[in-house]
Amino acid sequence: MWGQISKIADRLDANFGDDGSGRDDQSSQISASAEPSERSDTIPSHGEVEDDDGWGEDDDFGEDFDFDEEEEEPCSDVGGKTSETENPSLSEIEPAVSGASTPATETAYQPKQTTKLEQQDDIEPQKAHVPPPPPPPPPLPPSLKIPPPPPPPPPPLPQTPDASNMGTIITVSAPGKALVAGGYLVLEQPNPGLVLAASGCRFHTSITFRPPHTSQVSTVIGASINAAWSSIPLDIYSPQFDKVFSYYLSYSMNGDQNVPESVLELQPRKAPHEPNKFVERSLLLSLGYLRQSLGPKAFHERLHPMNSNGGRVALAIKLRADNDFYSQIAALKDRGLDLTPSNLAALEPFLPCPKDATGKLVVNKTGMGSSAALVTSLVGALLTFFGAISISEPTGDVVKQQEGLRLAHNLAQISHCYAQGKVGSGFDVSAAVYGSHVYTRFSKTIIHPFLESLSSANEGEALQLTGTLSRDLVRLVDDSDRAWDCTVHPVALPPGLELLMADVCGGSESPSMARKILDWKRSKRRTGFMDDYYWKDLKRVNAKIARLLTTTFKEQTFLDGLERDGPVILSTRTAEQWKKPMPSSWHEFEGSSWDVALKLLDLRMSILEARQNLKGMGNAASVPVEPDEQSLLANETMKLPGVVAAGVPGAGGYDALFVVYVEGPKTNDGSSDHVRDSICSLWKRISEENSATTVCPLSVRASGIDSGLLASDVEW
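Okay, so let's go over this structure. None of the values given here were measured: they were computed from a predicted structure.

The rules behind the values
Residues numbered from 1 in each chain as written. Predicted model: local features only at pLDDT ≥ 70, side-chain atom pairs only at ≥ 80, totals over all residues. Heavy atoms only, no water. Helix = DSSP H or I, 4+ residues; strand = E, 2+ residues; numbered from the N terminus. Expected span 1.5 Å × (residues − 1). Buried < 20%, exposed > 50% of the residue type's maximum accessible area, 1.4 Å probe, protein only. Axes fitted to C-alpha atoms, helices over the stretch in contact; angles between N-to-C directions. Parallel < 35°, antiparallel > 145°, perpendicular 65-115°, else oblique. Contact = heavy atoms within 4.5 Å. Nonpolar A, V, L, I, M, F, W, Y, C, P; charged D, E, K, R; others polar. Core = buried A, V, L, I, M, F, W, Y, C linked by side-chain atoms within 4.5 Å. Pairing = 2+ DSSP bridges.

**A closer look at helix 9 (residues 398–420)**
Helix length check: helix 9 (23 residues) gives 32 Å between terminal C-alpha atoms against 33 Å at 1.5 Å per residue, within 8%. With 18 of 23 residues buried, helix 9 lies mostly within the body of the structure.

Listed below in structure tokens is the structure:
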């Protein structure tokens, strides 16, 4: 058996990179393609027709994988623009997304009365009353010499809120991600995607009350605020993008649930205004959900807890992203530092994005899912700030915390899809909420009709929610009828295995690669040795990768063997050497170094198969899913001792690489290890030898279970 596995691995290593020609012979050498059980999901969503594999004519991968042209625009986040065994059943991957509903209260609706704002500063602090001077004292006898009375005190300055008395600060963070297996196929139910959350790469949202950002005379942009409503200034601080977004949040105080008129609006209050869909649409839906779910009175009381010293306060939100979300190659080079994880980790936190000679922001993403992490942290922070969920007590009520995560997940998914303008797979938002896991997507029909109604109701600068949409939103988020059918099965790399990500700067991205894949999939995919070969084999191999991580790598004998032999034996040998016979004492029992190596080689061969299928699919569609440059980088990395596998994450492209490796002996005071150091040295040499490609290792590692949406200790 071992000889057969070795021969299979040798052929995979020798044949990888082939363009797909002559697949009849090569594919039969890899494995027999075991087709998984098919599930036909018909989604009759507003004229959208799906073909027999579950994808509709309007499906678009785009921003699901952070590589579409909209994701590459500057400031797209907060800057103002964007085997050999049969396919296993996934029934054991249990859904972790379920819960109960929260009923809404219905009261009478009051008609809306609108007046224009006066041309004065609505948020200017009120001026204090200046008392009249005191009357002159009565004349004194000349014999009494009393010094003249002191002059009256100067009139007090206009009162402003005391920032130190604004209440507590709540900060919530959400991680970035790497989709290690399931690219493209995760868009189709019930195909799994293995997504690893990133430790050290998190988006942080802080919320508190502060004085309004500006005291200059200002009015809303667009329609006037309803004079019968309550309102509060709302400021979004984005220091890394050198911007502050200012709005008015206004809302009806009536419990009008089922009315077609607007009950909550978000309007810019400062011109010129640069719209940001991910921020604004997440704000609109989160605040609209909270007003409807809590009731207008409780919502209002949380927004107006004080009016300190007679001045008006603003709801202040600060957004900050860890450095690994954005390329720091230029920052390291400017400081004369080598491109190493330790140097990257030593940079000051939350570095601002650089600007070019014209002052325009230069934003290069690393493909870690910044938009999904932003939306999830913002939604989670607002729900926590208003007391709708609790995620800040690790030893608290587990059931209550899971219910909070479920609500945050549903609301963040709706917000992210609304910002994107389409219903994506949702794996990146799911990772931001739940951390590392095996994911299968939700049905599009769950939220698609709501998003269509919401989009038709919002045109122009102002964003609004009607009473009817607010009611529908609460029903969707609370999910009383258990419509959400996505599944989340927590998973983690076992102790002794680690993740390393690379920021790759080289090549030219094709902005329409996802659309080209879809076009090919609809009309030209019958290019393998059998019908739909690439898709069917990817389904099988992706499910196998998920099973290895969720079952095989959790066996105690494997964990014990990896802990014992990983640093001293496996990390010092290449995968080619793992295939060769070892001393008998090393493989006389289950969990021996050879037994552990066999299971690691199973993962290695599965990832190689997935890569080969993705590359063949990309070549057939004339799309660089795994460009030759990335193949060379991944293959060279896989030759190093201790490396299990390397590949391009998500939908592929030029900008990122992932590596799974066996941890070696610790170095650099425990912050690194020999295998990690050797990978970084290789990438440094490749960067020096090829001026067209720069490879910068990120400082992130793989997060474990329960590493998703968390309370953060980051201060304002």
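**Quick look at the packing of helix 9 against helix 12 (residues 467–478)**
Closest axis-to-axis distance for the helix 9/helix 12 pair is 8 Å, and the angle between their directions is 125°. The orientation of helix 9 with respect to helix 12, classified from their angle, is oblique. Along the contact surface, helix 9 presents Arg406, Leu407, Asn410, Leu411 and Ile414, while helix 12 presents Leu473, Leu476, Val477 and Asp478. Tallied by class, the residues present in the contact of helix 9 with helix 12 amount to six nonpolar, one polar and two charged.

**Comments concerning the nonpolar core**
Leu234, Leu283, Ile414, Ile447, Leu600 and Trp683 are the most contacted members of the largest nonpolar core, which has 153 residues in total. Broken down by element, this core gets its largest block of residues, ten residues, from helix 8 (residues 370–385). Leaving out residues up to four positions away in the same chain, Trp683 has contacts with Leu500, Met501, Ala502, Leu633, Thr637, Leu657, Val659, Val695 and Pro697. Judged by nonpolar contacts, the second largest core, of 17 residues, contains Leu185, Ile517, Met617 and Ala621.

**Quick notes on the pairing of strand 15 (residues 694–697)**
Burial along strand 15 is two-sided: Thr694 and Cys696 facing one way and Val695 and Pro697 facing the other are all buried. Pairing geometry for strand 10 (residues 497–505) and strand 15, over four bridges, is antiparallel. Bridge assignment links Asp503 to a residue of strand 15, and that residue is Cys696.

**A closer look at the environment of Gly664**
You can see Gly664 is positioned in the loop between strand 12 (656–662) and strand 13 (666–667). It is 8.3 Å that separates the C-alpha atoms of Gly664 and Gly496, two residues lying 168 residues apart in sequence. Beyond its immediate stretch of four places on either side in the chain, Gly664 contacts Pro567, Ser571, Asp673, His674 and Val675.

**With respect to the sheet that holds strand 15**
Taken in spatial order, the four strands make up an open sheet running 11-12-10-15, and their pairing is antiparallel. If you trace the sheet from one side to the other, it starts and ends with strand 11 (643–647) and strand 15, each paired once. For this sheet the average axis-to-axis angle between neighbouring strands, irrespective of direction, equals 25°. Across the sheet, helix 18 (residues 628–638) touches strand 10, strand 11, strand 12 and strand 15, and the angle it forms with strand 11 is around 175°. Helix-sheet contacts for helix 19 (residues 674–689) involve strand 10, strand 11, strand 12 and strand 15, and the interaxial angle to strand 10 is about 15°.

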